[in-house]
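Each chain, letter by letter, is given below.
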Amino acid sequence: MNLDTLRHSCSHIMAYAVKELWPDAKLAIGPSIEDGFYYDFDKKTPFTDDDLFKIENKMREIIASDEKFIREEVNRDAAIKLFRKLKEDYKVELINALADPKVTIYKTGNKFVDLCRGPHIESALEIKAFKLLSVAGAYWHGIETNPMLQRIYGTAFLTHKELEGHLKNLEEARLRDHRKIGPALGLFDIYHEEAGAGLVFYYPKGAILRNLIEEYEKKEHLKRGYQMVTTPHIMQSGLWKKSGHYDYYKDNMHIFKIDEQEYVLKPMNCPGHILIYKSQTRSYKDLPIRLFELGTVYRHEKAGVLHGLLRVRGFTQDDAHIFCLPEQLREEIGGVIDFVFDTMKVFGFYDWAIELSTRPKDYIGSEEDWRRATEALESTLKEKGLKYDINEGDGAFYGPKIDIKLKDALKRSWQCATIQCDFALPKRFGLAYVDNEGKEKQPIMLHRVLLGSLERFIGALIEHYNADFPLWLAPVQTLIIPVSSSVIEYSLKVMSDLIDAGLRVEIDSSNETLNKRIRNAELNKIPYSLVIGEREAMAGTVAIRKKGKGNIGTVALSDFIKQATEEIKNKQ
RNA sequence: GCUGGAGUAGCUCAGUUGGCAGAGCACGUCCUUGGUAAGGACGGGGUCACGAGUUCAAUUCUCGUCUCCAGCUCCA
């Protein structure tokens, strides 16, 4: 049996149950989705959690009564008449939008009828394992100005075992939620009420993690021919008017005045890099020029969209702009794609999905430029033999883009890298280089980020690893646990040797039992604990305890240092 | 921004049908000097998110604001 069909049928049974319980509720749509299904209803009073139980019970009754799904083809006018009689206004609207003279309807038993293309299962009895999960608001047709409906989400599987597995996965995802474990492990927090929503504070351990990521990126960018720059956090609004951002995103920008002159807190790094490009006459021999900045930007995101580290109001992008000749374009795009993949692997991500987003409804620049830009991105993807989906109309206002979404350990996707091809801003800002005949030409500009926002990437990293970071990224790599105060001296010597070897190390000589301190080390997700007692002090050794693995043996201190530094070097 | 739910100690949560605010963990002091996942005793800690209103009395009821959660819309 097809899982989508089962879920779709399950959504019909849910709608059937809702109509039985609340005959006045109007039906909107109810498709199957990636992990289940939903159905949208227009109902005056809100559904409560209690109502979900009632609906589930009613669904079980319907399923037990072995109701059959019956497909019928009817004339449009007859269908309109039918749904008008049932007072299903939304269904009437849907049929009116259909072009075919015939429409299909599905009856479930002799009480419930729905406009539906199908297919469906034969009998409700085939539904063995389902669960309703949540209620939320959703706009009719997904359009913000339309009335808001109530959406009930649910899921269904072929077997109870699979359903249990799915619910367990949801629970696992909840347990490793970065919003929970981040503050708990002393990585970061967001002081919503005092400092403001969507603004991140990195604690010492989180700052170490962030700095490690930044250091890796700086080194790697310099290696690959990028030049680092730094640009101001505030710039006059004229720049943003010229770039077009002012027109498109004014409501999401922080605009204020200094001495009667309007300024903008930067929401993007591009204009800054453009000014640096324009600072001197560029020759074709200078290109490509790759300007890189860990650029902190602020955007006035709507209150309802903020979410942990994933959507914040102040964040830092690993942002670069590449100014190149037309004939260099594909190679530059290819270079960025390679750079993205190499970086992802270093941080433990080996699975991703690629999307090519094309021209949106609102855009700047000529259609010809858009065609060339899209072609450049697409042909590079093809050249590299990469699979991708087209995301029609989802490009930036100034150019098409390639998005690379990471898949984490729980198969969830995270938007991080993006590569955007832009002919429009170079034109608007009058960017130029002098070609080999001494003539001024316009360079092409690539906007790109690898990790995207450091905040979001760190959120993804925390959930991907469940904060069990590889040794090179662990904020505290080694914890020394002296068995008793008599071995403090040797323990401090071990600590200073480890620090000298470049390891991040802490000592726990608190007045707690050995067991308690080991437990704390485990809960704090410290990769290695070194238990040191009289035996070790006498022999100049350390007893190594690996997180999650327990005691893995006693070795000479120098051997542990060698082994750990090797592990760090290899970024294992 | 929209729909619905929620906000009690640093954290996880009880509780008050309107009448002195509770536990566990964490924190502090003391005892305990422990060999691989929670030793013991005592103690400090609260504008019950914030601001108004009703009331003899509001953490509790009403209204407003802020913030969070599940989604929707948006994401340069």
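Here the structure is a predicted model, which means the values were calculated and not measured.

Asker: How should the packing of aromatic side chains be read in this particular structure?
Answerer: In this description, an aromatic ring pair is defined by two values, namely the gap between the centres and the angle between the planes. Evaluation of the coordinates by the stated rule reveals 22 aromatic pairs. A ring pair is formed by Phe 341 and Trp 352, whose centres lie 4.4 Å apart and whose planes are at 5 degrees; its orientation type is stacked. Of this pair, Phe 341 sits in helix α11 (residues 329-346) while Trp 352 sits in strand β17 (residues 351-357), and the two are 11 residues apart along the sequence. Taken together through their ring pairs, the aromatic side chains of Tyr 216, Phe 347, Phe 349, Phe 457 and Trp 472 make up a single cluster. Here the guanidinium or amino end of Lys 43 rests over the ring plane of Phe 47, the centre of that ring lying 4.4 Å away. In this structure, Arg 151 packs its charged tip against the face of Tyr 38, placed 3.7 Å from the ring centre.

Asker: Please explain the sheet that holds strand β14 (residues 261-265) as it appears in this structure.
Answerer: Within a beta sheet, neighbouring strands are joined by backbone hydrogen bonds and run either parallel or antiparallel to one another. The strand order across the open sheet built from 3 strands is β12-β14-β13, with neighbouring strands paired in antiparallel fashion. Two strands lie at the open edges of the sheet, namely β12 (234-236) and β13 (254-258), each paired on one side alone. Taken over all neighbouring pairs, the strand axes of this sheet differ in orientation by 40 degrees on average, direction set aside. Sheet analysis places β12 next to β14, joined by 3 bridges and oriented antiparallel. Bridged to Gln 236 within β14 is Tyr 263.

Asker: What exactly am I supposed to notice about the domain arrangement of chain A here?
Answerer: Often, the extent of an interface is quoted as the loss of accessible area on bringing the components together. Domains assigned within chain A are domain 1 (3-169), domain 2 (182-465) and domain 3 (471-569). On a C-alpha basis, the centroid separation for the pair domain 1 and domain 3 is 58 Å.

Asker: How do you make sense of unusual backbone geometry when you look at a structure like this?
Answerer: For residues that are not glycine, phi is negative in most cases, and the peptide bond is trans in most cases. Here Gly 118 and Pro 119 are connected by a cis peptide whose omega angle stands at 0 degrees. In this fold, Pro 119 is placed in the loop between β6 (112-115) and β7 (129-139). A cis amide bond, omega 0 degrees, links Leu 287 with the succeeding residue Pro 288. For Pro 288, the position within the fold is in the loop between α10 (270-278) and β15 (289-298). One non-glycine residue, His 141, lies in the positive phi region at around 65 degrees.

Asker: I keep staring at empty space enclosed by the protein and nothing clicks. Help me out?
Answerer: A probe as big as a water molecule, rolled over the atoms, marks out the empty space that is left. On inspection of all chains with the given rule, the structure shows 1 cavity of 30 Å³ or more. Roughly 40 Å³ of internal volume is contained in the largest cavity. Around the largest cavity sit Ile 364, Gly 365, Asp 369, Trp 370, Ala 373, Tyr 398, Gly 399, Pro 400, Cys 421, Asp 422, Phe 423 and Ala 424, which together line it. Put simply, the parts of the chain that give the lining of the largest cavity at least two residues each are α12 (367-383) and β20 (413-422). Of all the elements, α12 adds the most residues to the lining of the largest cavity, at 3 residues. Broken down by class, the residue content of the lining of the largest cavity amounts to 8 nonpolar, 2 polar and 2 charged.

Asker: For this particular structure, what's the right way to read the protein's contact with RNA strand B?
Answerer: Taken together, 53 residues are adjacent to RNA strand B, and Tyr 139, Val 483, Ser 484, Asn 511 and Arg 519 come closest. In RNA strand B, the atoms that sit within 4 Å of the protein are 47% sugar and phosphate, with bases accounting for the remainder. At 3.1 Å from a sugar or linking oxygen of RNA strand B is found a main-chain nitrogen or oxygen belonging to Gly 137. Taking Arg 545, its side chain carries an N or O atom lying 3.0 Å from a sugar or linking oxygen of RNA strand B. Within the residue set of the surface near RNA strand B, elements represented by two or more residues are β7, β8 (148-157), α6 (178-184), α9 (245-249), α16 (514-523), α17 (534-539) and β27 (541-546). Per-element tally for the surface near RNA strand B: the top contributor is α16, with 7 residues. Within the surface near RNA strand B, the residues separate by chemical class into 20 nonpolar, 16 polar and 17 charged.

Asker: I tried to follow the sheet that holds β20 on my own but got confused; where do I start?
Answerer: Read across the open sheet, the 8 strands follow the order β11-β15-β16-β23-β20-β19-β17-β18; overall the sheet is mixed. Either end of the sheet is taken by a strand with one partner, and the two such strands are β11 (227-228) and β18 (389-391). Of the strand pairs in this sheet, strand β19 (residues 401-407) and β20 are connected by 7 bridges, and their pairing is antiparallel. Bridging across to β20, Lys 401 finds its partner in Gln 420. α12 contacts β17, β18, β19 and β20 of the sheet and is inclined by roughly 155 degrees relative to β17.

Asker: Even after reading the chapter, I still don't get the nonpolar core, so can you show me in this structure?
Answerer: Across soluble globular proteins, nonpolar side chains have a tendency to be buried as a group. Ranked by internal contacts, the top residues of the largest apolar core, which has 59 residues, are Ile 213, Phe 347, Ile 402, Phe 457, Leu 461 and Phe 469. Broken down by element, the residue count for this core peaks at 8 residues, all from α11. When sequence neighbours within four positions are dropped, the list of residues in contact with Leu 461 reads Leu 209, Ile 213, Phe 347, Phe 349, Phe 469 and Leu 473. Grouped together as the second largest cluster of nonpolar side chains are 31 residues, Tyr 16, Ile 63, Cys 116 and Ile 127 included.

Asker: It is not clear to me how helix α15 (residues 488-500) should be interpreted in this structure. Could you clarify?
Answerer: Three or four residues apart is the spacing at which side chains of an α-helix point the same way, because the helix has 3.6 residues per turn. With 13 residues, α15 ought to run about 18 Å at 1.5 Å a step, and its terminal C-alpha atoms sit 18 Å apart, in line with that. Among the residues of α15, those classed as buried are Tyr 490, Ser 491, Val 494, Met 495 and Leu 498. All buried residues of α15 lie within an arc of 145 degrees about the axis, which places them on one face of the element. Those residues of α15 that are exposed and angled more than 90 degrees off the buried face are Glu 489 and Asp 500. Buried residues along α15 sit against β24 (478-482), β25 (505-507), β26 (528-532), α17, β27 and α18 (557-569). Gly 502, located one to two residues past α15, shows a positive phi value of around 90 degrees.

Asker: What's the story with the packing of helix α1 (residues 3-21) against helix α2 (residues 49-64) in this structure? I'm lost.
Answerer: What describes two packed helices is the angle between their axes and the distance between those same axes. At a minimum axis distance of 9 Å, the contact between α1 and α2 shows a crossing angle of 110 degrees. Between α1 and α2, the interaxial angle falls into the category roughly perpendicular. Crossing of α1 against α2: the hand is right-handed. Of the residues in α2, those touching α1 at Cys 10, Ile 13, Met 14, Tyr 16, Ala 17, Val 18, Glu 20 and Leu 21 are Lys 54, Ile 55, Lys 58, Met 59, Ile 62 and Ile 63. Broken down by class, the residue content of the contact of α1 with α2 amounts to 11 nonpolar, no polar and 3 charged.

Asker: Would you explain the packing of α15 against α18 in this entry?
Answerer: Direction vectors running N to C along α15 and α18 enclose 30 degrees, while the axes themselves pass 11 Å from each other. When the axis of α15 is compared with that of α18, the two are roughly parallel. Here the hand of the crossing between α15 and α18 comes out right-handed. Note on element contacts: α18 touches α15 through Leu 557, Phe 560 and Ile 561, opposite Val 494, Asp 497 and Leu 498. Tallied by class, the residues present in the contact of α15 with α18 amount to 5 nonpolar, no polar and 1 charged.

Thresholds, definitions, all that
- Residues numbered from 1 in each chain as written.
- Chains lettered and ligands numbered in written order.
- Predicted model: local features only at pLDDT ≥ 70, side-chain atom pairs only at ≥ 80, totals over all residues.
- Heavy atoms only, no water.
- Phe/Tyr/Trp six-rings, centres within 6.5 Å; stacked < 30°, edge-to-face > 60°.
- Helix = DSSP H or I, 4+ residues; strand = E, 2+ residues; numbered from the N terminus.
- Lys NZ or Arg CZ within 6 Å of the ring centre and 35° of its normal.
- Pairing = 2+ DSSP bridges.
- Axes fitted to C-alpha atoms, helices over the stretch in contact; angles between N-to-C directions.
- Domains from an automatic or database assignment.
- 1 Å grid on protein atoms, 1.4 Å probe; cavity = no way out; pocket = protein on both sides within 12 Å on 5 of 7 lines; lining within 4 Å.
- Points joined across faces, edges and corners; volume = space filled by probe spheres on them.
- Nonpolar A, V, L, I, M, F, W, Y, C, P; charged D, E, K, R; others polar.
- Near = heavy atom within 4 Å.
- Polar contact = N/O pair within 3.5 Å; in protein donor to acceptor, adjacent residues only side chain to side chain.
- Contact = heavy atoms within 4.5 Å.
- Core = buried A, V, L, I, M, F, W, Y, C linked by side-chain atoms within 4.5 Å.
- Buried < 20%, exposed > 50% of the residue type's maximum accessible area, 1.4 Å probe, protein only.
- Expected span 1.5 Å × (residues − 1).
- Arc of directions from axis to C-beta.
- Parallel < 35°, antiparallel > 145°, perpendicular 65-115°, else oblique.
- Left-handed = near helix turned anticlockwise from the far one by under 90°.

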